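Per-entry structural report
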Amino acid sequence: MKQLIKAAISAMVLALTINPVLAQEVTVKDAWIRGTVPGQSGTGAFMELTGKSNARLVGVASPAAKVVEVHNMKMENGVMKMHPVEGIDLPAGKPVRLAPGGYHVMLMELVRPLNAGDKVPLKLTIELPGKRRETLDLSVEVRDVKGQAAKGHHQH
């Protein structure tokens with residue numbers, strides 16, 4: 001029996017060596033969503049993404065909003081403009097920051113107000129080498145409208 005178990009383990013190790021598991025190909029750090037005020041229909045989600053290999057953020061979704069898109073903000077002729085983008089490149093080993101004033105996830109047509117301390121499901125679709133895709137399911141904390149964590153919560 002021990003030999004059978006050893007053989008099975010050896011086969012699994014070999015299979016993993018030949019076909020590496022792609023889970024956690026991209027890591028997410030410091031994810032948060034800006035809270036809303038009454039009547040506000042949209043907000044942003046921010047985070048830092050780091051890929052083990054070259055990857056690309058190509059999709060976002062959340063049940064908290066009817067429309068969820070990857071956006072970029074930039075200055076054009078002295079005016080700050082925001083527009084959707086098809087994706088964001090994630091160069092291998094280099095953190096890419098989604099932050100206010102730059103790339104971010106835009107949640108529009110919110111289904112309810114988002115209050116500091118709430119947790120919001122957010123699904124990221126990542127395109128990996130060879131056009132393979134990975135989905136990351138996150139539970140993202142809502143901060144207040146100034147981007148501060150709810151009282152009694154701490155950030156890591």
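On a predicted model such as this, the values are computed, not experimentally measured, just so you know.

Our focus in this paragraph is the overall build of the protein chain. Along the protein chain, the regular secondary structure elements total 1 helix and 10 strands. Each helix (α) and strand (β) of the protein chain, taken in turn from the N terminus, gives the series α-β-β-β-β-β-β-β-β-β-β. Summing over all exposed atoms, the protein chain offers an accessible surface of approximately 9600 Å²; the carbon and sulfur share of this is 57%.

On to the pairing of strand β3 (residues 55-61). Relative to strand β6 (residues 88-90), β3 is paired through 3 bridges, and the arrangement is antiparallel. Of the residues in β6, the one forming a bridge with Leu57 is Ile88. In this sheet, strand β9 (residues 119-127) lies alongside β3 in antiparallel orientation, the contact comprising 5 bridges. Counterpart to Ala61 in the pairing with β9 is Lys123.

We now examine the environment of Pro121. Examined against the element boundaries, Pro121 turns out to sit in strand β9. In this structure Pro121 comes out as partly exposed when scored by relative accessible area, which is 44%. A sequence separation of 20 residues divides Pro121 from Glu141, and the C-alpha atoms of the two residues are 9.1 Å apart. If near-sequence neighbours (up to four positions away) are discounted, Pro121 is found in contact with Ala61, Ser62, Pro63 and Leu138.

Okay, the confidence of the model for the protein chain next. With 81% of its residues at a pLDDT of 70 or more, the protein chain shows a mean pLDDT of 85. Counting interchain partners and residues more than four positions distant, the pLDDT-below-50 stretch residues 10-22 has 4 contacts.

Attention now moves to the nonpolar core. With 29 residues, the main nonpolar core has Met47, Leu57, Val105, Leu122, Leu124 and Ile126 as its most contacted residues. Those residues in contact with Leu57, other than ones at most four positions away along the chain, are Leu49, Val70, Glu86, Gly87, Ile88, Leu90, Leu98, Leu124, Thr125 and Ile126.

Counted according to the given criterion, the structure contains 1 aromatic pair. Plain terms: the ring middles of Trp32 and Phe46 are 4.7 Å apart, the flat faces sit at 40° to each other, and that makes the pair tilted. In this pair, Trp32 is assigned in strand β1 (residues 26-34) and Phe46 in strand β2 (residues 42-51), connecting sequence segments 14 residues apart. Here Trp32 matches Phe46 in class, with each residue buried.

Now for the environment of Ala55. Secondary-structure assignment places Ala55 in strand β3. Residue classification places Ala55 among the buried positions, given a relative accessible area of 8%. With 34 residues separating them in the primary sequence, Ala55 and Asp89 have C-alpha atoms 6.2 Å apart. When residues no more than four places from it in sequence are discounted, the contact partners of Ala55 are Val26, Ile88, Asp89, Leu90, Ile126, Glu127 and Leu128.

Inspection of the sheet shows strand β4 (residues 65-76) paired to strand β5 (residues 79-84) by 6 bridges, in the antiparallel sense. Within β5, the position partnered with His71 by the bridge is Pro84. Hairpin connection of β4 to β5: 2 residues between the antiparallel strands, including Asn77 at a positive phi of 55°.

Rules and cut-offs
- Residues numbered from 1 in each chain as written.
- Predicted model: local features only at pLDDT ≥ 70, side-chain atom pairs only at ≥ 80, totals over all residues.
- Heavy atoms only, no water.
- Helix = DSSP H or I, 4+ residues; strand = E, 2+ residues; numbered from the N terminus.
- Areas by Shrake-Rupley, 256 points an atom, 1.4 Å probe, with all protein chains shown as cover.
- Pairing = 2+ DSSP bridges.
- Buried < 20%, exposed > 50% of the residue type's maximum accessible area, 1.4 Å probe, protein only.
- Contact = heavy atoms within 4.5 Å.
- pLDDT = per-residue confidence, 0-100.
- Core = buried A, V, L, I, M, F, W, Y, C linked by side-chain atoms within 4.5 Å.
- Phe/Tyr/Trp six-rings, centres within 6.5 Å; stacked < 30°, edge-to-face > 60°.

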